[in-house]
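Working through the structure, step by step
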Amino acid sequence: MEVLTPQMMAKCDRETIDSGYPEILLMEAAAYGVARIAVEILKKEFEFKAKAELKLTFLVGKGNNGGDGLAAARILKNWGYQPEIIFSTEAEKLKGVNSKNYELASLNQVKYYHFSDLKEAQFLSKIENSDLIIDALLGTGIKGELRGNIKNIINLINQKRQSKPLTLAVDIPSGVIGENGRIAGEALNADYTVTMAAYKRGLLLYPGRDYCGQIKVVSIGIQPETIEKNSDSLKAFKQQEAVRLKPDRINNGHKGSFGKVAVLAGSRGMTGAPLLSTKAALRSGSGLVYLLTAEEIEAQTSVQLEEVVGIPLVSKKGMVSANSFPQILQFSKKVDLLAAGPGLGRSSEISDLMEKILKELELPLILDADAINAIKNLELLKKYKGELILTPHPGEMSALTGISIEEINNNRIEVARDFAEEHGVNLILKGAATITAAPDGRAYINTSGCNGMATAGSGDVLTGIVSALKAQKMSCFEAAALAVYLHGRAGEIAAAKTSNYALIASDIIDNLPQVWQSLE
Ligand SMILES: NC(=O)C1=CN([C@@H]2O[C@H](COP(=O)(O)OP(=O)(O)OC[C@H]3O[C@@H](n4cnc5c(N)ncnc54)[C@H](O)[C@@H]3O)[C@@H](O)[C@H]2O)[C@@H](O)CC1
Ligand SMILES: Nc1ncnc2c1ncn2[C@@H]1O[C@H](COP(=O)(O)OP(=O)(O)O)[C@@H](O)[C@H]1O
Ligand SMILES: [K+]
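Conventions adopted
- Residues numbered from 1 in each chain as written.
- Chains lettered and ligands numbered in written order.
- Predicted model: local features only at pLDDT ≥ 70, side-chain atom pairs only at ≥ 80, totals over all residues.
- Heavy atoms only, no water.
- Salt bridge = Lys/Arg side-chain N within 4 Å of Asp/Glu carboxyl O.
- Helix = DSSP H or I, 4+ residues; strand = E, 2+ residues; numbered from the N terminus.
- Buried < 20%, exposed > 50% of the residue type's maximum accessible area, 1.4 Å probe, protein only.
- Pairing = 2+ DSSP bridges.
- Axes fitted to C-alpha atoms, helices over the stretch in contact; angles between N-to-C directions.
- Near = heavy atom within 4 Å.
- Polar contact = N/O pair within 3.5 Å; in protein donor to acceptor, adjacent residues only side chain to side chain.
- Areas by Shrake-Rupley, 256 points an atom, 1.4 Å probe, with all protein chains shown as cover.
- Nonpolar A, V, L, I, M, F, W, Y, C, P; charged D, E, K, R; others polar.
- UniProt positions renumbered as here; feature names shortened; annotations may be inferred.
- Core = buried A, V, L, I, M, F, W, Y, C linked by side-chain atoms within 4.5 Å.
- Domains from an automatic or database assignment.
- Contact = heavy atoms within 4.5 Å.
- Expected span 1.5 Å × (residues − 1).
- Patch = residues over 30% accessible without salt bridge, like charges linked within 9 Å, V, L, I, M, F, W, Y side chains within 5 Å.
- Lys, Arg positive; Asp, Glu negative; His and termini not counted.
- Charge placed at Lys NZ, Arg CZ, Asp CG, Glu CD.
- Donors = N, O, S within 2.8 Å, 3.2 Å for Na, K, Ca; no water.
- Buried area = accessible area lost by both parts, 1.4 Å probe.

1. Some details on the pattern of salt bridges
By the definition in use, this model includes 23 salt bridges. With a closest N to O distance of 3.9 Å, E84 and K55 form a salt bridge. Here K55 lies in the loop between α2 (23-45) and β2 (56-60) and E84 lies in strand β3 (residues 84-87), a separation of 29 residues in the sequence. Accessibility expressed as a relative area gives 11% for E84, which makes it buried. Ionic pairing is found between K470 and E387, a salt bridge with its closest N-O pair at 3.2 Å. Placement of the pair is K470 in helix α20 (residues 458-471) and E387 in the loop between α16 (379-383) and β18 (388-390), with a sequence separation of 83 residues. E387 sits in the partly exposed class, given a relative accessible area of 38%. One salt-bridge network, in which partners are shared between bridges, spans R201, D232, E414 and R417.

Structure below.
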């Protein structure tokens, strides 16, 4: 599913209207979507209340977002509900389709008030006594910080956060900036968001994402071709993409058919990381997993994971030495890919080794953690003879690019895309709202995951999953995006059992089986 900026969405609206599709019909479809989802929520949350008893309060602004709200209020009135509208602005000053929808709502006798005519206590009592608030104050047309009545309305509601009723946002929670997910001073916290035609970036990027609750996308009559033409190949990765992309398994396969993964990882004191990566690879469908690690710790790691084949490498002071390169080169001919980095440690030897690997190997490489930290010359990425997937967290990304962590997090999509395009790599920029970017400009925003995954070793698990998927002959970009999604789902399922507080990285691996089952 495409993820658009407000400008791209407006272009889709405009082209559809210019092609002869009446604007008021687009609005009607949007409103119908809102009304339908409102009914679903009411039926679920207030099973035993009669329609006429339910209190629905529409907060309506003066733009088209307000127009959607007005039309939805009228539709619900015609379905037997008793919605009330509170206008942030003078209803008589509405223009175009919004004015028409005001007329229609009035004709259908929807009750309305103006915020300016209500005393603060009256307004708050209306809010507190509502079963559902429908937020149609501001949509993607927001400019600058919140101001005027809309600011007052949102401030008043947010001050009473404890007693705030269920809230359904129309298109985007008012105050969230559609372009980037930043907040225009304040924003209304929604439990549900019904968004029109496609995701807007601000719904999936933090902090905006925290304000959206459950997001539903409704179709409003804009053709998929129009959306695709006006989008920039940024998509949301969800369960349906996972089901579509998961690698096939052949019934007459043998362990070699499902991919041979070599993991170059671990050092003295960091024996957990290689175990997490290799075990995650085994739990993600790989037929054979080898662990190439410092000879000093090889025996120890092999004892802990029976299914992994240990390959001891020449080491120095507990770390893999640069002199192990001929062994790695030799071994690389036996496997489908090499994943390097987890727990390797930092030393000039590791940097030298990574330089040799990037100069001389040809198989697909997945670089994480210390393998990324060891890259001193970015030119080597572009020159690498095989395919590359890099999986930095924002700290590693900052070290790699010189861009501050703050700037990276404020521009996750652009930073990930620019790097992937400039250096010809597939990039997973980790962290909440992980971005996966391909060298050709395609990118995904991930929709799974939870804050419990911010725990040591969680990235090592991801490396293992990516490796297994790539070894099962997926393209690098799709293997990376699917791995990020599965990792996030496994984290969510784990957190539902352990809580986000208690989640540890191995819980993510333990819940991979359930995630795989959900794709069958
Ligand atoms: N154009 C179309 O045909 C469609 C538009 N749709 C809806 O239209 C919305 C976008 O409509 P608009 O472009 O009219 O924009 P909005 O409805 O988001 O509102 C823009 C108005 O809000 C006020 N405003 C802007 N920034 C403000 C701030 N910081 N503080 C206080 N007031 C502020 C301004 O007066 C401006 O006119 C979408 O989010 C969606 O809900 C849908 O109806 C689908 C069809
Ligand atoms: N708040 C969060 N929400 C969702 N996923 C998160 C969050 N914080 C971290 N993660 C995920 O957890 C993993 C952490 O990886 P990383 O930082 O490399 O940890 P480590 O180096 O300890 O293994 C990444 O996949 C990241 O996207
Ligand atoms: K809104």
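2. Regarding the sheet that holds strand β11 (residues 260-264)
Taken together, 10 strands build an open sheet; the order of strands is β10-β21-β20-β19-β18-β17-β16-β11-β12-β13 and the sheet is mixed. Taken across any chain shown, the strands that pair with only one partner, and hence form the sheet edges, are β10 (234-237) and β13 (309-313). In this sheet, neighbouring strand axes are inclined to one another by 20° on average, regardless of whether the strands run parallel or antiparallel. Relative to β13, strand β12 (residues 288-294) is paired through 5 bridges, and the arrangement is parallel. Of the residues in β13, the one forming a bridge with L292 is I311.

3. Side note on the site of ligand 2
Neighbouring ligand 2 are 18 residues; K430, G431, G457, S458 and G459 lie closest to it. At a separation of 2.6 Å, an oxygen atom of ligand 2 approaches a polar side-chain atom of K430. S458 is positioned with one of its side-chain polar atoms (N or O) 2.9 Å from an oxygen atom of ligand 2. Within the complex, 78% of the 580 Å² of free accessible area of ligand 2 lies under protein. Here the shell around ligand 2 takes 4 residues from α20, the largest share from any one element. Of the residues that constitute the shell around ligand 2, the class distribution is 6 nonpolar, 10 polar and 2 charged.

4. Focus: the UniProt feature "domain: YjeF C-terminal" (unreviewed entry) in the protein
Mapped onto the present numbering, the UniProt feature "domain: YjeF C-terminal" (unreviewed entry) falls on residues 238-519. Spanning residues 238-519, this segment combines 48% helix with 15% strand, and its end C-alpha atoms are found 12 Å apart.

5. Some points on the pairing of β3
Of the two faces of β3, the one lined by E84 and I86 and the one lined by I85 and F87 are each fully buried. Where β2 lies against β3, 4 bridges are found, and the strand directions are parallel. The partner of T57 across the bridge, within β3, is E84.

6. Describing the nonpolar core
Counting 62 residues, the largest nonpolar core has L264, L338, I357, L367 and L390 as the members making the most contacts within it. Residue-level mapping places this core at the junction of two domains, with at least three residues from each of domain 1 (3-232) and domain 2 (242-249 + 257-518). Residue contacts for L264: discarding those within four places in its chain leaves L292, L313, V320, I328, L338, A339, A340, G341, P342, L344, L353 and I357. The next biggest cluster of nonpolar side chains, apart from the first, holds 51 residues, and it includes V261, Y444, C476 and V515.

7. Here we look at the UniProt feature "binding site: K(+)" (unreviewed entry) in the protein
If you check UniProt for "binding site: K(+)" (unreviewed entry), the listed places come out as N65, D135 and S174 in our numbering. Across 110 residues in sequence, these annotated residues keep their C-alpha atoms within 9.4 Å of one another, forming a single compact spot. One can find N65 in helix α3 (residues 64-78). Looking at N65, the relative accessible area reads 8%, which means it is buried. Summarising the element assignment, S174 is placed in the loop between β6 (166-170) and β7 (192-196). Excluding anything up to four places from it in sequence, S174 contacts D135, L137, L138, I154, E186, A187 and L188.

8. What to know about helix α19 (residues 412-423)
Helix length check: α19 (12 residues) gives 17 Å between terminal C-alpha atoms against 16 Å at 1.5 Å per residue, within 8%. Following α19 by one or two positions, G424 adopts a phi angle in the positive range, close to 65°.

9. Description of a negative patch on the surface
Together, E379, D418, E421 and E422 make up a region of like negative charge exposed at the surface. No other element matches the 3 residues that α19 contributes to the negative patch. For E422, the location among the structural elements is in helix α19. Since its relative accessible area comes to 53%, E422 is described here as exposed.

10. Examining the coordination of the potassium ion (ligand 3)
The coordination sphere of the potassium ion (ligand 3) contains the protein donors N65 (OD1), D135 (O), L138 (O), V170 (O), I172 (O) and S174 (OG), at a distance range of 2.6 to 3.2 Å. Here the donor residues of the potassium ion (ligand 3) share one chain and are spaced in sequence as N-x69-D-x2-L-x31-V-x1-I-x1-S. Linking N65 in helix α3 with S174 in the loop between β6 and β7, this pair joins segments that are 109 residues apart in sequence.

11. What to know about the domain arrangement of the protein
Think of interface size as the accessible area that goes away when the parts come together; that is how it is often given. In terms of domains, the protein is made up of domain 1 (3-232) and domain 2 (242-249 + 257-518). Spacing between the C-alpha centres of domain 1 and domain 2 amounts to 42 Å. Contact with domain 1, which involves 8 residues of that partner, is made by 12 residues of domain 2. Area buried by domain 1 at its contact with domain 2 is led by R201, L205 and R209, which between them contribute 47% of it. At the surface where domain 1 touches domain 2, the tally comes to 2 salt bridges.

12. Observations regarding the site of ligand 1
Around ligand 1 sit 23 residues, and of these N64, D68, G139, K143 and D171 come closest. A distance of 2.6 Å separates an oxygen atom of ligand 1 from a polar atom in the backbone of G139. Between ligand 1 and D171, the relevant distance is 2.5 Å, taken from an oxygen atom to a side-chain nitrogen or oxygen of the residue. Contact with the protein chains hides 82% of the accessible area of ligand 1, taken as 880 Å² for the molecule alone. For the shell around ligand 1, the secondary-structure elements that each account for two or more residues are α1 (6-18), α2 and α3. Partitioning the shell around ligand 1 into residue classes produces 8 nonpolar, 7 polar and 8 charged.

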